[in-house]
Amino acid sequence: MWHITKREIYDNLNSLRFALTAVLLLALMVTNAVKHLREQPKRVQRYQDAVTESSDRLTAHADDSLYKLAQYGPGNFYKKPSSLHFCANGGELVLPDTVKVDDPPVFMTDAEGNRLLEGIWSLSYPDANLQNKNVGPNVSQVDWAFIIGYILSLIALWFTFDAFSGEREQGTLRLMLANSIPRHTVLIGKFLGALLSVSIPFALAVLVNLLLISTANTVHLTPEAWGRLGIIFCLALLYTSLFVALGLLVSARVQQSAVSLMILLLTWVTFVVFMPSTLASIASSFSPAMSFDEFWQQRNPIQENLWEKYKEGLWSSELDDWKLRAKSEFYTENAEREERRQEEQLKYRASQVHRARAITSISPATLLQHLMEGFAGTGFERHLQFVENTQRYARQLREFVADTDRADPESLHILAVREGMSQKPISPESVPRFEDTLNLSRDFNTAATELLLLTLFVLVLLSGAYLAFVRVEV
Amino acid sequence: MLRTLIGRELLDNLMTFRFAAAVFITLLLVVANTLVLLKDYEQRLTAYNKAAQESHQELREEKIYARYAGALVVHRPPNPLSIFNLGLDKQVGNKIEVYHAFVPTIWDAEKHGADNPFLNLFTSIDIVLVFQGVLSLLALIFAYDALAGERERGTLRLVLTHPIQRGYILFAKYISAMLCLLVPLLISLLLSIILLTTSTTVALRADDFLRIGGIVLTSLLYVSLFYLIGLCISAMTRRTSTALMLCMFVWGVLVLVYPNLILTAVEITPKPDAKISVYNQIKQMWEELEREKKQFIRNDAILGPPSRGGEDMDAGFGLEGVEYTFWQGEDKPSILLYFHQTGLYAGKIKAESEPQVPRVQNYYSFYNRETINTVERTWLVRKPALKTIYVQPANLGRMLLRFSPVGLYDTATEAWAGTDLEGIQDFFSTVQRHRRAVVDYFYDKKIFESRQWFAADKGTADWDALPQFSFQRSDTGINAKRALPDMLLLLTMNVILFTVIVLIFIKSEV
């Protein structure tokens, strides 16, 4: 078997296609690295500036008083740019990179403009960018996901379309099978040979790419990032083997190599290029999008109900415990409902996106795209994870405020109201800070289905190739 | 003789598996995508109709003229030919305000309708994209063995023993292959047009069929170019397998790699920060207007300095019965948009304020006139700056894409469909003209200085008398003119390649 593999590799190494492949992949990978080196520092700088600003806001509020912190909350949250952005940019232009902290709503002011009733902060999730200011041509960025998903898969077919049919045409297949080699050994040998011949130029290009990125002192890759890169490389191999298996399957069934290539290319175009967009359009037309107005209409009755519920407490003239409690509950509930409404809107939209993603998973290219995004820490799932992180932090901060307030003996412990809360400044260091983290094991969990599906595709195609080759007449 | 040759080639091609597969796959993809695109178009059209209806209603609810800000909105209908080439039709804004305090552009437009913007994560598709990918591939598959194959089998030598010029052989091969490639192209297009005409929502006019004809013609040039590329490779190589491999490589580079690679390498994102000075300039012009306005009020003995709230609340003029003042403004440095307007809405003006009313009318006459002058001045600097920020990089990107036939094909069909930047600009220039017409109407009817501008007690605004907005897509001739340069480039490349192939083939040994 090793003999066959070796023979295949030697055959390929000397061929024209090998040279062309290497040049092509190198050009793509170098462009990718250069682009990343040009843009990543800016991206990181932008993120750091934004984070410093919102951290300053938090410090200012904490220095003022605990009430101020409870009322205005932290500054806006920003999504940490992934250091593996060059692997998959994951719709960076479409997805928002922030979760906003809304200023407290003012329910009522008096004639002089003094605020009589003012609530507390809540989270709000910005919409995806519409991109409607951009009038330039739309193309996909050259990231690893593009290189592997489109180019590498095409190359895999390019190396395998004549694996059997070419040898059959030349008559060497008969010669080989005349030796006492079992057919499955031949198949596995061919498979490994093709896979390795594709992997060699790819690995070379990847090495150059990573060399460029890791030697530059403007960007930095953590050990975890290297681990993720390892996973991504394995993914690329898995994905390539899918197309190698497909190539072998068709090549074994078809007599002429030209016909085999044609079938392969048309299959490739259908599954890799057209299927994702067509299916996504179909999926997105299944459920109607809910407009901003509709969500707004849902909100208004809620607001009125709240007024009804707390009217008496809010309007009573003397400043007593009961009124403060009514205020506190009104503010808190208002903020909670506002947040819940926003969350529901996001969830509704996310479910639409998830449905579209699930349907497009028939295409291996989309599967790969999702997996790459998952492990590179970009894309839609990552955005949801970021939103979840901010929600967790919001809870944490609110608990912190409640706990700190409890520790102050002078406070009435009625949260969210000025008169009911501690007015002392608190040390900014003791306030928990938001940290946007990525979790590799979580990424594995979300990617598990897609990973298994991809593996399943590979196995099905491989066994298909085996069956085809065993039964074929030479 | 030529007829025999063509007949032979045709028969050769038609009877092959690749022809059947070509027809099948093109039909499948085009029909499936037409259905999807049709549904998408219908949704956009419904959203458009709904939004237009709502805007119409909203405007009728306003009683005074000054409140037309934000209420006089025009919507851009989806282009039915966007099914063929989507272009910018879906991407750029389709809802634009008409207001005398700014000149509407593409960048001021927003989107109507209830779209889920997260779905923009998925790439969109159109019929030209299918042709771009599949037909080019098919053309190469038809071409790779045209010469190399015959040379390998030895039939080429046989043919050349006849007293026939080599150019004729090439020509026969070219014609027959193009005829074969035309079959899937035409059948699939016909099917999709049938689907379009059976749909009740898509109203194709006679000139739309001319435009579709233009798209077909461009497709033909594109396919022919790829066939010639394949033929050229076939003429240069000895063996079919090498020819096949090279064809595939060329296809991958031209269709897949080059467009994405070049636009990744060259930065074409708009950089509004570079023109922030223009924005400051515009802002200064408006602040100047503000100063003039305050000066005007201070000089007016009756209007006088306002009683309460300082000079910012200067639009109230102590009119009894004033409901509220308004502030209308935009401040968007990224698109160099800045304006603001102050004024008041008076419900029912009480009798004791009546003497003041002519002075207020006089004030509005002055203020609105000066506003419009300011807008003209800002537009002079804003227009070129917007062009530098947004249009130039976009054009640079398109220019770079033209080095691949794919880019030429895309821009030419976009121009035919009217979904290119110029086609969309047509709509916005119509909106600009409409704004001008509305302003002129306000001048003519002395609405800027009328009582109805700010009060609804003696007669209300008559919106139906306003000039109506109507937008017609540009003539087919203009579409053709815009598509022509790219089509000519495609044609030139075709001719050059054909000549090169003839030269190579004549010189080559058989």
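Everything numeric here is computed off the predicted structure, so don't read it as measured data.

1. Examining the overall build of chain A
Here is step 1: A count of helical and extended segments in chain A gives 14 helices and five strands.
Here is step 2: Computed over its C-alpha atoms, the radius of gyration of chain A comes to 29 Å, more than 25% above the 23 Å expected for a compact globule of 474 residues.
Here is step 3: Projected onto its principal axes, the C-alpha positions of chain A cover 105 × 50 × 45 Å.
Here is step 4: Taking all contacts inside chain A whose residues are at least 6 apart in sequence as the whole, residues at least 24 apart take part in 82%.

2. Quick notes on the overall build of chain B
Here is step 1: Within chain B, the regular secondary structure consists of 13 helices and four strands.
Here is step 2: Over its C-alpha atoms chain B spans a radius of gyration of 31 Å, topping by over 25% the 24 Å that the globule rule assigns to 510 residues.
Here is step 3: On the principal axes, the C-alpha backbone points of chain B span a range of 110 × 45 × 40 Å.
Here is step 4: Split into buried and exposed, the 510 residues of chain B put 45% on the buried side.

3. Quick notes on the packing of helix H12 (residues 364–376) of chain A against helix H14 (residues 440–471) of chain A
All names here are of chain A.
Here is step 1: With their axes 10 Å apart at the nearest point, H12 and H14 run at an angle of 150 degrees to one another. The angle between the axes of H12 and H14 places the two elements in the roughly antiparallel class. Seen along the crossing, H12 lies across H14 with a hand that is left-handed. Residues Pro-364, Leu-367, His-370, Leu-371, Gly-374 and Phe-375 of H12 lie in contact with H14, whose contacting residues are Asp-443, Thr-446, Ala-447, Glu-450, Leu-451, Leu-453, Leu-454 and Phe-457.
Here is step 2: Per-class residue counts for the contact of H12 with H14 are nine nonpolar, three polar and two charged.

4. Here we look at the environment of Gly-91 of chain A
Here is step 1: Within the secondary structure, Gly-91 of chain A is located in the loop between strand S1 (77–78) and strand S2 (98–102).
Here is step 2: Residue classification places Gly-91 of chain A among the buried residues on the basis of 20 C-beta atoms within 10 Å.
Here is step 3: Separated by 86 residues in sequence, Gly-91 of chain A and Thr-5 of chain A have C-alpha atoms that sit 40 Å apart.
Here is step 4: Setting aside its immediate chain neighbours within four residues, Gly-91 of chain A contacts Gly-379 and Phe-380 of chain A together with Leu-121 of chain B.

5. Comments concerning the interface of chain A and chain B
Here is step 1: Taken together, the contact between chain A and chain B spans 58 residues of the former and 64 residues of the latter.
Here is step 2: Elements supplying a minimum of two residues to the side of chain A that touches chain B: helix H2 (16–64), helix H4 (144–160), helix H9 (257–286) and helix H11 (321–360) of chain A.
Here is step 3: Sorting elements by how many residues they give to the side of chain A that touches chain B places H9 of chain A first, with 19 residues.
Here is step 4: Here the residues of the side of chain A that touches chain B sort into 34 nonpolar, 18 polar and six charged.

6. Observations regarding the domain arrangement of chain A
Residues and elements named next belong to chain A.
Here is step 1: Splitting chain A by domain gives domain 1 (2–28 + 147–284) and domain 2 (64–130 + 286–456).
Here is step 2: A straight line from the C-alpha centre of domain 1 to that of domain 2 covers 45 Å.
Here is step 3: Residue-level contacts link 25 residues of domain 1 with 24 residues of domain 2.
Here is step 4: At the level of secondary structure, the elements contributing two or more residues to the side of domain 1 that touches domain 2 comprise H4, helix H8 (223–253) and H9.
Here is step 5: It is H8 that provides the largest number of residues to the side of domain 1 that touches domain 2, a total of 10 residues.
Here is step 6: Looking at the side of domain 1 that touches domain 2, its residues break down into 19 nonpolar, four polar and two charged.

7. Some points on the sheet that holds S1 of chain A
Residues and elements named next belong to chain A.
Here is step 1: In space, the three strands of this open sheet follow the order S1-S2-S5, with antiparallel pairing throughout. Because the sheet does not close on itself, it has two edges, and the strands there are S1 and strand S5 (122–124).
Here is step 2: Bridging between S2 and S5 involves three bridges; their strand directions are antiparallel. Bridging across to S5, Lys-100 finds its partner in Ser-124.

8. Focus on the environment of Val-208 of chain A
Residue and element names in this part refer to chain A.
Here is step 1: Of note, Val-208 is situated in helix H7 (residues 183–215).
Here is step 2: On the basis of neighbour count, Val-208 is assigned to the partly exposed category, with 15 C-beta atoms found within 10 Å.
Here is step 3: With 73 residues separating them along the chain, Val-208 and Val-135 place their C-alpha atoms 34 Å apart.
Here is step 4: Excluding anything up to four places from it in sequence, Val-208 contacts Leu-26, Met-29 and Val-30.

9. What about the packing of H9 of chain A against helix H2 (residues 17–61) of chain B?
Here is step 1: Close contact between H9 of chain A and H2 of chain B brings their axes to 10 Å; oriented N to C, the two are set at 10 degrees. For the element pair H9 of chain A / H2 of chain B, the angle class is roughly parallel. Here H9 of chain A contributes Val-259, Met-262, Leu-266, Thr-270, Phe-274, Thr-278, Ser-281, Ile-282 and Ser-285 of chain A to the contact with H2 of chain B, which in turn contributes Phe-17, Arg-18, Ala-21, Ile-25, Leu-29, Ala-32, Asn-33, Val-36, Lys-39, Asp-40 and Gln-43 of chain B.
Here is step 2: Tallied by class, residues from the contact of H9 of chain A with H2 of chain B come to 11 nonpolar, six polar and three charged.

10. Here we look at unusual backbone geometry
Residues and elements named next belong to chain A.
Here is step 1: In this model, His-413 sits at a positive phi of 60 degrees, which is unusual for a non-glycine residue.
Here is step 2: Mapped onto the elements, His-413 comes out in the loop between helix H13 (379–407) and H14.
Here is step 3: Its 13 C-beta neighbours within 10 Å are what place His-413 among the partly exposed residues.

11. Details of helix H8 (residues 240–265) of chain B
At 3.6 residues per turn, the α-helix brings residues three or four places apart onto the same side.
All names here are of chain B.
Here is step 1: The end-to-end C-alpha distance of H8 is 35 Å, a good match for the 38 Å that 26 residues give at a rise of 1.5 Å each.
Here is step 2: Where H8 bends most, at Val-257, the angle is about 50 degrees, and the proline Pro-259 comes one to four residues later.
Here is step 3: A large share of H8 lies buried, amounting to 19 of its 26 residues.

12. Quick notes on the nonpolar core
Here is step 1: Ranked by size, the top nonpolar core spans 169 residues in total, and within it Ile-151, Ala-245 and Met-372 of chain A together with Ala-139, Leu-140, Leu-181 and Tyr-227 of chain B carry the most contacts.
Here is step 2: Ranked by residue count, the leading element in this core is H9 of chain A, at 15 residues.
Here is step 3: Taken domain by domain, this core gets at least three of its residues from each of domain 1 (2–28 + 147–284) and domain 2 (64–130 + 286–456) of chain A.
Here is step 4: Judged by nonpolar contacts, the second largest core, of 55 residues, contains Val-135 of chain A together with Tyr-68, Trp-107 and Phe-427 of chain B.

13. As for the confidence of the model for chain B
All names here are of chain B.
Here is step 1: Overall, the predicted model of chain B reaches an average pLDDT of 86, with 95% of residues at or above 70.
Here is step 2: When mean pLDDT is taken per element in chain B, helix H11 (residues 405–417) scores highest with 94 and strand S3 (residues 322–332) scores lowest with 74.
Here is step 3: Both scores are available for the predicted complex, with the pTM at 0.89 and the ipTM at 0.87.

14. Considering the environment of Ala-50 of chain A
Here is step 1: Looking at where Ala-50 of chain A falls in the secondary structure, it is placed in helix H2.
Here is step 2: When the C-alpha positions of Ala-50 of chain A and Pro-428 of chain A are compared, they lie 18 Å apart, and in sequence the two are 378 residues distant.

Cut-offs and rules
Residues numbered from 1 in each chain as written. Chains lettered and ligands numbered in written order. Predicted model: local features only at pLDDT ≥ 70, side-chain atom pairs only at ≥ 80, totals over all residues. Helix = DSSP H or I, 4+ residues; strand = E, 2+ residues; numbered from the N terminus. Rg over C-alpha atoms; globule rule 2.2 N^0.38 Å. Contact = placed C-beta atoms within 7 Å. Buried ≥ 20, exposed ≤ 12 C-beta atoms within 10 Å, placed from the backbone. Axes fitted to C-alpha atoms, helices over the stretch in contact; angles between N-to-C directions. Parallel < 35°, antiparallel > 145°, perpendicular 65-115°, else oblique. Left-handed = near helix turned anticlockwise from the far one by under 90°. Nonpolar A, V, L, I, M, F, W, Y, C, P; charged D, E, K, R; others polar. Domains from an automatic or database assignment. Pairing = 2+ DSSP bridges. Expected span 1.5 Å × (residues − 1). Bend = angle between axes of the 7 residues up to and from the residue. Core = buried A, V, L, I, M, F, W, Y, C linked by C-beta atoms within 7 Å. pLDDT = per-residue confidence, 0-100.

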